[in-house]
Amino acid sequence: MRPALAHAETLALDLDGGVLKVTIDRPGTRNALSVEVVEDLCALAEHLATRDDIQVVTLRGQGGSFCAGGDIGGFGAMVSADASDPGVSDPLLQSNQRYGDLLVRWNNLRQVTIALIEGAAFGGGVGLACVVDIALATRGARFAISETRIGIVPAQIAPFLIDRVGATAARRAALTGRPFGGDEAKAIGLVSEVYADTTELEAGCDALIADVMQCAPTALATTKALLLRVGKESIDRLMDDGARLFVAAARSAEGREGVTAFLEKRAPSWNLPNDDKKVG
Amino acid sequence: MRPALAHAETLALDLDGGVLKVTIDRPGTRNALSVEVVEDLCALAEHLATRDDIQVVTLRGQGGSFCAGGDIGGFGAMVSADASDPGVSDPLLQSNQRYGDLLVRWNNLRQVTIALIEGAAFGGGVGLACVVDIALATRGARFAISETRIGIVPAQIAPFLIDRVGATAARRAALTGRPFGGDEAKAIGLVSEVYADTTELEAGCDALIADVMQCAPTALATTKALLLRVGKESIDRLMDDGARLFVAAARSAEGREGVTAFLEKRAPSWNLPNDDKKVG
Amino acid sequence: MRPALAHAETLALDLDGGVLKVTIDRPGTRNALSVEVVEDLCALAEHLATRDDIQVVTLRGQGGSFCAGGDIGGFGAMVSADASDPGVSDPLLQSNQRYGDLLVRWNNLRQVTIALIEGAAFGGGVGLACVVDIALATRGARFAISETRIGIVPAQIAPFLIDRVGATAARRAALTGRPFGGDEAKAIGLVSEVYADTTELEAGCDALIADVMQCAPTALATTKALLLRVGKESIDRLMDDGARLFVAAARSAEGREGVTAFLEKRAPSWNLPNDDKKVG
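Here the residue index of a chain counts from 1 through its sequence in written order. Note on labels: chains are lettered from A, ligands numbered from 1, in written order. A pLDDT threshold of at least 70 governs which residues receive local features in this predicted model, and a stricter bar of 80 or more applies before side-chain atom pairs are shown or counted, although totals over entire chains, interfaces and linings include all residues. Each side-chain value is derived from all of the structure's non-hydrogen atoms; neither hydrogens nor water enter the calculation.

### Some points on the relation of the copies chain C and chain A
One copy of the chain maps onto the second through a rotation about an axis and a displacement along it. A residue counts toward the fit only if its pLDDT is at least 70 in both copies, and the copies are then superposed by least squares on the C-alpha atoms of those residues. Each copy superposes on the other: chain C lies on chain A with an RMSD of 0.0 Å after a rotation of 120° and an axial shift of 0.0 Å. On the angle and the small slide along the axis, the relation comes out as a three-fold axis.

Listed below in structure tokens is the structure:
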């Protein structure tokens, strides 16, 4: 028996087969990243590291907005707090670091992750869009790296934003704060596809999930981990390790089933005993 | 009192509020990068490092061309010069290194920088387009990494070109020398927007400036400096420093004004005493 | 006299002036990357390192497909082979490493390389598309990073795929395995241009070759080598070396001819004695 998903106050969770649908459930604040939301998303990521029975995680917001960014109300209180006592840790610093943790953890999830973006994706909400594998949006979604318009800096987001859209588009977005729509988000690579409305957005997501489910689960996790190392390690090391991972995958139960099915011109079956899924 | 901008023989300078408009003023050579132009642009960059009262710098060329690249006439004389005497520094080497200095300095300017590109942007002129934050062009502008067509190499430009358009588009442009127009420049990310004519180009630039002016000046400078570090430092260090910079910005006068204005649903005022603008 | 191109069983080679046309000639397997094809492409790359009289290399597949990826039949046999004896080297590991060698060698070729892609470009075939300087495709070409659909991982390809299309498009393609056509390949930067049919594809390639042939051959090789170093060495070192390479190119016979021709408003002639082509 798998451990049940822990209850998360701020998130609605729906697990169906290998697909976990996560909805940030704070529509009253347009799903702003309060301390509680950040903690719940961090805890969920920690749990998902143990769930190799889950292949896909989708992320969206309740009530027509994706995520309006930082919780400026709670944030204002932290700004005003006296942080001059060096013996007391600064809640503002902790909260920003914790948001950075969230980005790192979600970026590194072993599952294939898909964001469905409608309505507002501002500030920290754009950060979430940058750490999923595939971001989808409606044409009417509104994006902005709006931090500098309230005197703060998109600090934790910066590396993930550049990884996603390149330095050029990142400089423009972060140094103007200007809002932009779904089509421009696609043009700069922030999202992969744009859809006319929510119905089409969900259909596009379902089609992607069907694509992912055709792939071998451990091979996906190994591939994702390898892609995340590119640019951070030397190419020689990546290619040496890559060959070793390739051979381990090919000789695993998944690899044998996949190659055999290919040669027999039939669809492979990935319903494999758990022990066979370990690779590399 | 601020020190006045030094006179620059080859540049027309127009400072209005926080916006400095720079025009390379050598229309007879289509604003080619003579030794004098390079020196004037370097000296200006050095001055701008001290000017936190200037938020935006625009760069364009006089007379309908942006910049036709190196000054091949002056260059031909340097090629012919005898550089065999090791006691004498080689003017050709110095001139190329100085152009590299120019790219580094402009890339690192604390101000938000915008290029307005019409007509020719060849060779070294493309380099200038690669080091501003936002490049805008008319549809009729002509770009080319034309160095190899006269037997030389786009050496100083190479890292900035790849940072701007990626390795793929850089390889194509630099290894064919072929000219291309504004639409292709936008498609590969060399420019952010393309406009029908000069009037629209200027209107697009004005709109961008208005966007930038809504942002807090020190937050912009901090954000730009952080974006420029991505890819050059470890992500751990970037995120640690990022959290520290975030907190400093949030507790600065700018941050307090920005957050307060947001919560009071009013526009913030960035007319702050100078000492309050120091962050990080 | 140049040494003749060695005979390669699996490749059709056509050398005309400075242009070598390479066709993978295994239409019965849609030009799958058998051990023999990989060896022949590696050996050819080794030979081309000595051929500074060849400026352009084109790569395509015989019979309407570019390259269907790994040779899954031969591959299945290697998977089944007992690799438990540590004294015997594993043919599967060797074969994957050799494919990695192929990608590195072709990526680093001194010649300007162009791929013409029609029909299938799957798995390892996409890897080939990622290591040429310029990839062209027909609209009807079909691409897929299909490895995970048969339980294996796109390991050697990963760094080159990210270099070509960025991390975002690479994550989507590699983590879904979904096939996509020429237009999407262009949209993500996997290919530079898309054409209606084979005739237009070949015409587009001919136009690119004509562009390349206007450039100085040694300047091209120096430029390509420098572009390949970006991101792998510090910018200071790149710019220092770049200035040295610039000066060497400018003072070479090619550079003197190119600058003189430019000033005399005539086309340069690159038919230079071989000793003058050495730069850097």
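### Concerning the environment of Leu13 of chain B
Residue and element names in this part refer to chain B. On the secondary structure map, Leu13 appears in strand 1 (residues 11-16). You can call Leu13 partly exposed: its relative accessible area is 27%. Considered as a pair, Leu13 and Glu118 are 105 residues apart in the sequence and their alpha carbons are 18 Å apart. Throughout, a contact is declared for two residues whenever any of their heavy atoms are within 4.5 Å. Apart from residues no more than four positions distant in its own chain, Leu13 is found in contact with Leu5, Ala6, Leu20, Lys21, Val22 and Leu44. Starting at the N terminus, helices and strands are each numbered in turn, a helix being any DSSP run of H or I of at least four residues and a strand any DSSP run of E of at least two. A 1.4 Å probe rolled over the protein chains alone gives each residue an accessible area, and that area as a share of the maximum for its type sets the label: buried under 20%, exposed over 50%, partly exposed in between.

### Some thoughts on the domain arrangement of chain A
Residues and elements named next belong to chain A. As assigned here, chain A comprises domain 1 (11-212) and domain 2 (217-276). A separation of 29 Å is found between the C-alpha centroids of domain 1 and domain 2. Contact residues are listed per partner, giving 11 residues for domain 1 and 6 residues for domain 2. For salt bridges, the criterion is a side-chain nitrogen of Lys or Arg within 4 Å of an Asp or Glu carboxyl oxygen. Where domain 1 touches domain 2, the interface holds 1 salt bridge. For Asp133, the salt bridge goes to Lys224, with nearest N and O atoms at 2.8 Å. Within 3.5 Å is the distance limit for a polar contact, defined as a pair of N or O atoms, with the added protein rule that one can donate a hydrogen and the other accept it, and that residues adjacent in sequence qualify only through two side-chain atoms. There are 3 residue pairs in polar contact (both at pLDDT 80 or more) connecting domain 1 and domain 2. Of the residues assigned to the side of domain 1 that touches domain 2, the class counts are 3 nonpolar, 5 polar and 3 charged. How far each domain reaches was decided by an automatic or database domain assignment. Think of it as three bins: nonpolar holds Ala, Val, Leu, Ile, Met, Phe, Trp, Tyr, Cys and Pro, charged holds Asp, Glu, Lys and Arg, and polar takes everything else, Gly as well.

### Observations concerning the interface of chain B and chain A
Taken together, the contacts link 47 residues of chain B with 39 residues of chain A. Summed over both sides, the interface of chain B with chain A buries roughly 3,700 Å², with 69% coming from carbon and sulfur. Taken together, chain B and chain A are joined by 4 salt bridges. In this structure, Glu193 of chain B and Arg172 of chain A form a salt bridge, with 3.1 Å as the shortest nitrogen-oxygen distance. Between chain B and chain A we count 11 residue pairs in polar contact (both at pLDDT 80 or more) in total. Within the residue set of the side of chain B that touches chain A, elements represented by two or more residues are helix 5 (158-176), helix 7 (198-213), helix 8 (217-229), helix 9 (235-251) and helix 10 (253-263) of chain B. Per element, the largest residue contribution to the side of chain B that touches chain A is 12 residues, and it comes from helix 9 of chain B. In terms of residue class, the side of chain B that touches chain A is built from 28 nonpolar, 9 polar and 10 charged. By buried area we mean how much accessible surface two parts lose on assembly, using a 1.4 Å probe and totalling the loss over both.

### A look at the confidence of the model for chain A
All names here are of chain A. Values of pLDDT, which run from 0 to 100, indicate the predictor's confidence residue by residue. Of the residues in chain A, 93% reach a pLDDT of 70 or more, and the chain-wide mean stands at 92. Ignoring residues within four places in sequence, the model shows residues 273-280, a span with pLDDT below 50, making 20 contacts including any to other chains. Of the two predicted TM-score estimates for the complex, the pTM is 0.94 and the ipTM is 0.93.

### Side note on the packing of aromatic side chains
Residue and element names in this part refer to chain C. Pairing of aromatic side chains here covers Phe, Tyr and the six-membered ring of Trp, requires ring centres within 6.5 Å, and sorts the geometry by plane angle: under 30 degrees stacked, over 60 edge-to-face, intermediate tilted. Per the stated rule, a full pass over the model turns up 4 aromatic pairs over all chains. Ring geometry for Phe143 against Phe180: centres 5.7 Å apart, planes inclined by 15°, an arrangement best described as stacked. You can see Phe143 sitting in strand 7 (residues 142-144) and its partner Phe180 sitting in strand 8 (residues 180-181), a full 37 residues away along the chain.

### Some thoughts on the sheet that holds strand 8 of chain C
Residue and element names in this part refer to chain C. For two strands to count as paired, DSSP must find a minimum of two bridges between them. Read across the open sheet, the 3 strands follow the order 5-7-8; overall the sheet is mixed. Where the open sheet ends on each side, the last strands, each with one partner, are strand 5 (120-122) and strand 8. As paired strands, strand 7 and strand 8 are joined by 2 bridges and run antiparallel to one another. Residue Arg142 lies in a different strand from strand 8, and its bridge partner there is Gly181.

### Concerning the interface of chain C and chain A
The interface of chain C with chain A comprises 39 residues on the first partner and 47 residues on the second. Summing the contributions of chain C and of chain A, the shared interface buries around 3,700 Å²; its carbon and sulfur component is 69%. When the buried surface of chain C facing chain A is broken down by residue, Arg171, Arg172 and Leu175 of chain C rank first, second and third, together holding 21% of it. Summed over the shared surface of chain C and chain A, the result is 4 salt bridges. In this structure, Asp90 of chain C engages Arg251 of chain A in a salt bridge whose closest nitrogen and oxygen atoms are separated by 2.6 Å. Taken together, the elements giving at least two residues each to the side of chain C that touches chain A come down to helix 2 (72-80), helix 3 (91-107) and helix 5 (158-176) of chain C. It is helix 5 of chain C that contributes the most residues to the side of chain C that touches chain A, 12 residues altogether.

### Re the state of the cysteines
Here, disulfide denotes a covalent bond that connects the sulfur atoms of two cysteines. Residue and element names in this part refer to chain B. The disulfide criterion used throughout: a pair of cysteine sulfur atoms within 2.5 Å. Inspection of the entire model under this criterion finds 0 disulfides over all chains. Counting only cysteine sulfurs, Cys67 is the nearest neighbor of Cys42, a cysteine outside any disulfide, at a range of 13 Å. For Cys42, a relative accessible area of 1% puts it in the buried group.

### Re the packing of helix 4 (residues 124-131) of chain A against helix 5 (residues 158-176) of chain A
Relative orientation and spacing of two packed helices are given, respectively, by the angle between their axes and the distance between those axes. All names here are of chain A. Fitted lines through C-alpha atoms serve as axes, helices being fitted only where they are in contact, and the angles separating the N-to-C directions of these axes extend from 0 to 180 degrees. Direction vectors running N to C along helix 4 and helix 5 enclose 55°, while the axes themselves pass 9 Å from each other. Considered as vectors, helix 4 and helix 5 are oriented oblique to each other. As for the relative orientation of helix 4 and helix 5, their crossing is left-handed in sense. Residues Val126, Ala129, Cys130 and Val131 of helix 4 form the contact with helix 5, whose participating residues are Phe160, Leu161 and Arg164. Partitioned by chemical class, the residues of the contact of helix 4 with helix 5 number 6 nonpolar, no polar and 1 charged. Each angle receives one of four descriptions, namely roughly parallel if under 35 degrees, roughly antiparallel if over 145, roughly perpendicular if within 65 to 115, and oblique otherwise. With the far helix as reference, a near helix turned anticlockwise by less than a right angle produces a left-handed crossing, and one turned clockwise produces a right-handed crossing.

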